[in-house]
Amino acid sequence: QVQLVESGGGLVQAGGSLRLSCAASGRYTMGWFRRAPGKEREFVAAISWSGSGIVYADSVKGRFAISRDNAKNTVDLQMNSLKPEDTAVYYCAADSARASSSPLARNYNYWGQGTQVTVSS
């Protein structure tokens, strides 16, 4: 059973930064998704099993950076220049079947419990 534990959420002012971390029980292709109040879950970023393949949603490109430490089985999401519209519950997810990164939620078969990110204006 794959276990994922997110940390690092919180409250920040617009323009500020936060770093989310996801600790996994093994090494997998990983993704970050978010769900804002009243909206559907959306893709944020993904990183391949090796770390060489990275994909970002257009809405976060240039502001967010995903990275991984394969020795520790952790994946981080550095979020800079945060905007109020980034407010959401952020989830990390693991794809235990594929080595390449993907923005498709259906490819991820394990999900963390989520961490709240709130950006005030």
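First things first, this report covers the structure right here in the doc. (Residues numbered from 1 in each chain as written. Predicted model: local features only at pLDDT ≥ 70, side-chain atom pairs only at ≥ 80, totals over all residues. Heavy atoms only, no water.)

**Quick word on the nonpolar core**
Note the threshold: Put simply, a nonpolar core is a bunch of buried Ala, Val, Leu, Ile, Met, Phe, Trp, Tyr and Cys residues held in one set by side-chain atoms that sit within 4.5 Å of each other. Think of it in three bands: residues with accessible area under 20% of the maximum for their type are buried, residues over 50% are exposed, and the middle band is partly exposed, with areas taken using a 1.4 Å probe on protein chains only. Strands here are runs of E lasting at least two residues and helices are runs of H or I lasting at least four, both read from the DSSP assignment and numbered beginning at the N terminus. Contacts are assigned to residue pairs that have any heavy atoms within 4.5 Å of one another.
Membership of the largest hydrophobic core comes to 33 residues, with the highest contact counts inside it found for Met 30, Trp 32, Leu 77, Met 79 and Tyr 90. For this core, the elements supplying multiple residues, two or more each, are strand 3 (18–24), strand 4 (29–35), strand 5 (42–47), strand 7 (64–69), strand 8 (74–79), strand 9 (88–95) and strand 11 (115–120). Leaving out residues up to four positions away in the same chain, Met 30 has contacts with Leu 4, Cys 22, Ala 45, Ala 46, Ile 47, Ile 66, Arg 68, Val 75, Cys 92, Ala 93, Ala 94 and Tyr 108.

**Here we look at the state of the cysteines**
Note the following rule: When two cysteine sulfur atoms lie within 2.5 Å, the pair is treated as a disulfide.
Applying the stated criterion to the full structure yields one disulfide. In this model Cys 22 forms its disulfide with Cys 92; the gap between the sulfur atoms is 2.1 Å. Torsion about the S-S bond of the Cys 22 and Cys 92 cystine: about 45°, corresponding to right-handed handedness. Of the two residues, Cys 22 is situated in strand 3 and Cys 92 in strand 9; the sequence distance between them amounts to 70 residues. With a relative accessible area of 0%, Cys 22 lands in the buried category. Judged by relative accessible area, Cys 92 falls into the buried class, the value being 0%.

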